[in-house]
Amino acid sequence: MLILFGLTYFSTSNRLPNGTSKDGFSFFGQTIKYPTTASFLETKKASKSNLKALDSLVNNIEALVDTDDDIKADNKKKFVPKIPNLSKIDTSKIERISYPSHKEEFISHLKAQLTAPKSRIIHYGDSQIEGDRMSSYIRNKLQNLYGGNGPGFTPVSQVYENISAVITTSENWTRHAAFDPSKKRYDHKKYGAYTTFSRFTPYFEFIANSVNLDTIALVKASISVKPSTKTYTNMRQFTTIGFHYGNSQLPVSIKVFSNGALIKEGHLISDGNYHDYNIKLAEPATKLVFELEGKMSPDVYGLTLDGEAGIQLDNVAMRGASGTVFAGLNSENFSQMYSKLDPKVLIFQYGGNAVPYVKDSLEVSQYVGYLKNHINWVRRKTKDASIIFIGPSDMTTTENGALRTYPLLPYLNNLLREMCYNNDIAYWSTFKAMGGENAMEHWVDQKLAGSDYTHFTLSGTKIISELFFLSLYMDLTQN
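### Considerations on the sheet that holds strand β14 (residues 288–294)
Spatial ordering of the open sheet is given by β6-β9-β14-β11-β12, a layout of five strands whose pairing is antiparallel. Each edge of the open sheet carries a strand with a single partner, namely β6 (165–169) and β12 (261–267). In this sheet, neighbouring strand axes are inclined to one another by 15 degrees on average, regardless of whether the strands run parallel or antiparallel.

Shown next as C-alpha cells:
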C-alpha cells in the first residue's frame with residue numbers, strides 16, 4: 001500500500017481541451033490513469049455556506065409554489081387574476097431575466113403581447129420540458145394571471161406521457177420527428193411548426209413510385225382526446241380545437257364526436273398545403289374522438305386544445321435536440337402554419353444536450369452561432385414575436401472520481417447570454433438560478449433532480465418553473 005501511495009508523487013495532472021483534468025503517467029502521448037497525491041488525499045467537503053445559500057434559495061419561494069390543491073381546485077368560478085404575494089419572499093434572491101439594451105421597450109412589447117385577446121406562446125425545448133414539464137406550470141401561472149384555458153399543442157403519436165391531456169389512438173399511427181436521428185428524414189421537409197407529424201399509412205410519391213391507386217385499400221384510424229386529471233383545472237377546459245395537417249395527396253374523410261355525439265364531418269383538403277380543421281365547442285368536452293378514413297394519410301402535425309381567449313401555450317419537446325433543427329425545415333410549410341398559429345411569444349430552452357459533447361471554447365462558440373441562426377430563422381416567420389431563451393441547468397460530470405460541473409458549461413451560459421443580448425432576445429439562466437457551479441449535486445441530494453444529474457424531478461420542476469415565472473412577473477409589473 002505504501003508503494004502504491006508513493007507512486008502518486010510521480011503522477012501528474014494533465015489538462016484536457018474541454019477544461020477537465022486527467023491524472024496519470026504520460027508515455028508517448030498516452031496517459032495511464034493514476035491519482036496524484038493531491039487528488040488521492042482530497043476529501044469531499046461541501047461548503048456549509050454554499051449549502052445554506054442553496055437551501056435558502058429553494059425555501060425562499062416554496063410558499064408560492066403550486067401544490068396538489070391547485071390541481072384539485074374548481075375553476076368554474078368567474079375568472080379573477082391570481083396575483084402572486086411577493087411579500088412572502090425575499091425577491092433579491094430571484095435570478096432575474098437579462099434583456100437587450102432597450103429593456104423597457106422589450107418588456108412593454110412583451111406585456112402587450114401577453115395581454116392581447118389571444119396570446120399564443122410556443123415553448124420549444126429539449127427533454128427538460130418533455131411531457132409538458134415546466135410548460136404546464138408556466139402556462140397555469142400565466143393563465144391565472146391573464147386568462148385562458150386548455151393545454152395547447154399535443155402530438156397524436158405519444159412517445160412519452162403527457163400530463164396535460166390523455167391521447168389514445170388506433171395502433172396504425174406512426175411518429176416522424178425532424179429531430180429524431182433514428183428515423184429517416186423525409187425529403188419534403190414538411191414537419192410543420194411543431195417539428196413532428198404522425199401518419200396512419202405509409203407515405204408514397206405516386207409519380208416516383210408509379211403506385212396504382214386501385215391497389216390501395218381504404219384505411220381507418222382514430223384519435224381519442226380526454227382532459228387529464230393530473231393537470232391544472234384551467235387546462236381541462238378547452239373549447240377551441242385545431243386539427244393541424246398538411247401534405248395530403250388523396251381524399252380523407254373525417255368525423256368528430258364529442259361525448260359520443262357527431263358534431264362535425266367532412267373531408268380534409270388534399271392540395272398538399274398546411275390546413276387547420278377547426279372545431280368549436282359550446283361547452284368543454286369530456287371526450288373527443290376523431291375518426292379518419294382514406295387510402296393515404298396526411299401528415300398530422302398534432303392537435304391544439306385551447307380556450308376562446310387568453311394565454312395559449314404550446315409545449316414542443318424535442319428529446320436529444322440542441323435547437324439546431326429549424327432552418328432545415330420546409331420554409332413555406334413552416335410559414336403557412338405560423339401564419340395560422342400567430343405566436344406572440346417564443347420560448348427556446350436548449351443547450352443541455354450540447355454540453356457533454358463540446359470539446360473546447362471554439363466548439364461552444366460555433367454551437368451558439370448555429371443556434372442564433374436557427375432562432376432568427378424562426379423569428380422571421382413571426383409577426384414581431386417576443387423571444388425568451390431559457391439556458392441549460394447545471395450538469396455534472398466526474399473528474400478524477402469527484403462530481404464537478406461540466407467545465408465548459410459556465411462559458412456556454414455566458415456566451416448564450418451575450419448572443420441573446422446582441423440579437424434582441426431575453427435570457428434567463430437556469431444555471432445561475434439554481435445556484436451556479438456544482439449546485440446540481442445538492443439538488444439531487446434534496447430530491448429536486450434525478451440521479452442523471454441533469455433533469456429535475458417533479459418537485460424540482462415546480463421550483464425552477466416558479467423561479468422563472470417570478471422573474472418574468474416582477475419585470476412585467478416593474479417591481
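### Concerning the pattern of salt bridges
Opposite charge on two side chains lets them pair, provided their charged atoms get close. Scanning the entire structure with this criterion turns up 12 salt bridges. Across the pair E308 and K280 runs a salt bridge whose closest N-O atoms are separated by 4.0 Å. Taken together, the positions of E308 in the loop between β15 (299–306) and β16 (310–317) and K280 in strand β13 (residues 275–280) put the pair 28 residues apart, joining distant regions of the chain. Given a relative accessible area of 43%, E308 falls into the partly exposed group.

### Here we look at the pairing of strand β20 (residues 402–405)
Here strand β19 (residues 396–399) runs beside β20; their pairing, made up of four bridges, is antiparallel. Note that in β20 the partner of T398 across the bridge is L403.

### What to know about helix α10 (residues 409–422)
The end-to-end C-alpha separation of α10 is 20 Å, in line with the 20 Å expected for 14 residues at 1.5 Å each. Of the positions making up α10, those classed as buried are L409, P410, L412, N413, L415, L416, M419 and C420. Contact partners of the buried residues in α10: α9 (361–379), β18 (386–390), β20, β21 (426–428) and α11 (430–433). Backbone geometry just after α10 places D424 at a positive phi near 60 degrees.

### Things to note about the side chain of S198
Position of S198 among the secondary structure elements: in strand β8 (residues 196–199). Side-chain polar atoms of S198 contact the backbone nitrogen of S157, separated by 3.2 Å. With residues up to four places along the chain from it excluded, the contact list for S198 reads V156, S157, W173, T174, R175, S297, P298, D299 and V300.

### A few points about the packing of aromatic side chains
For the coordinates displayed, the defined rule picks out 19 aromatic pairs. Taken together, a centroid distance of 5.6 Å and an interplanar angle of 40 degrees make the contact between Y186 and F197 tilted. Within this pair, whereas Y186 is found in the loop between β7 (174–177) and β8, its partner F197 is found in strand β8, the two being separated by 11 residues in sequence. Relative to Y473, the ring of F469 lies with its centre 6.0 Å away and its plane at 25 degrees, an arrangement referred to as stacked. Of this pair, F469 and Y473 both sit in helix α13 (residues 458–476), four residues apart, roughly one helical turn. By the burial criterion, F469 is buried, and Y473 matches it. Linked through ring pairs, Y186, Y191, F197 and Y203 together constitute an aromatic cluster. One residue, K264, lies across the ring of Y277, its end atom 4.4 Å from the ring centre. The side chain of K381 reaches across the aromatic face of W377, ending 4.4 Å from its centre.

### Concerning helix α8 (residues 331–341)
N333, F334, M337, Y338 and L341 are the residues of α8 that are buried. Within α8, the buried residues cover an arc of 130 degrees as seen down the axis, which keeps them to one side. Elements in contact with the buried residues of α8: β4 (118–125), β10 (240–246), β15, β17 (343–349) and α9. Between the side-chain oxygen of the N-cap and the backbone nitrogen of E332 there are 3.1 Å, and the N-cap of α8 in question is N330. Looking one or two places after α8, you find D342, whose phi comes out positive at around 50 degrees.

### Re the side chain of N376
You can see N376 is positioned in helix α9. Reaching out from N376, the side chain makes a polar contact with the side chain of R379 at a distance of 3.1 Å.

### Side note on the sheet that holds β17
The parallel open sheet is built from five strands, whose spatial order is β16-β4-β17-β18-β21. Of all the strands in the sheet, just β16 and β21 have a single pairing partner and so form its edges. Sheet twist, expressed as the mean angle between neighbouring strand axes with direction ignored, is 20 degrees. Summarising the sheet, β17 and β18 pair through four bridges and their orientation is parallel. Residue pairing in the sheet places F348 in a bridge with F389 of β18. Each of β17 and β18 is contacted by α9, which is oriented at about 150 degrees to β18, the strand it contacts most. Relative to β21, α13 is tilted by about 145 degrees, and along the sheet it contacts β18 and β21.

### Some points on the pairing of β13
Here β13 shows one buried face, formed by H275, Y277 and I279, and one open face, formed by D276, N278 and K280. Relative to β13, β10 runs antiparallel, the two being bridged by six bridges. By the bridge assignment, T240 is partnered in β13 with K280.

### Some details on the environment of N273
Position of N273 among the secondary structure elements: in the loop between β12 and β13. Separated by 59 residues in the primary sequence, N273 and E332 place their C-alpha atoms 9.1 Å from one another. Among the polar contacts made by the side chain of N273, one reaches the side chain of Q336 at a distance of 3.5 Å.

### Some thoughts on the nonpolar core
One finds W443 and I464 to be the most contacted residues of the largest nonpolar core, which totals 54 residues. A total of 10 residues in this core trace back to one element, the largest contributor, which is α13. Filtering out sequence-adjacent residues up to four positions away, I464 remains in contact with M134, W428, T430, A433, M434, W443 and F456. Grouped together as the second largest cluster of nonpolar side chains are 50 residues, F153, V325, L329 and F334 included.

### Description of a nonpolar patch on the surface
Residues M1, I3, L4, L7, Y9 and F10 make up a contiguous nonpolar surface patch of roughly 780 Å² in combined accessible area. Mapping Y9 onto the fold places it in the loop between α1 (2–6) and β1 (12–15). On the accessibility criterion, Y9 (57% relative accessible area) is exposed.

Here is what the cut-offs are and how they apply
- Residues numbered from 1 in each chain as written.
- Predicted model: local features only at pLDDT ≥ 70, side-chain atom pairs only at ≥ 80, totals over all residues.
- Heavy atoms only, no water.
- Pairing = 2+ DSSP bridges.
- Helix = DSSP H or I, 4+ residues; strand = E, 2+ residues; numbered from the N terminus.
- Axes fitted to C-alpha atoms, helices over the stretch in contact; angles between N-to-C directions.
- Salt bridge = Lys/Arg side-chain N within 4 Å of Asp/Glu carboxyl O.
- Buried < 20%, exposed > 50% of the residue type's maximum accessible area, 1.4 Å probe, protein only.
- Expected span 1.5 Å × (residues − 1).
- Contact = heavy atoms within 4.5 Å.
- Polar contact = N/O pair within 3.5 Å; in protein donor to acceptor, adjacent residues only side chain to side chain.
- Phe/Tyr/Trp six-rings, centres within 6.5 Å; stacked < 30°, edge-to-face > 60°.
- Lys NZ or Arg CZ within 6 Å of the ring centre and 35° of its normal.
- Arc of directions from axis to C-beta.
- Core = buried A, V, L, I, M, F, W, Y, C linked by side-chain atoms within 4.5 Å.
- Patch = residues over 30% accessible without salt bridge, like charges linked within 9 Å, V, L, I, M, F, W, Y side chains within 5 Å.
- Areas by Shrake-Rupley, 256 points an atom, 1.4 Å probe, with all protein chains shown as cover.

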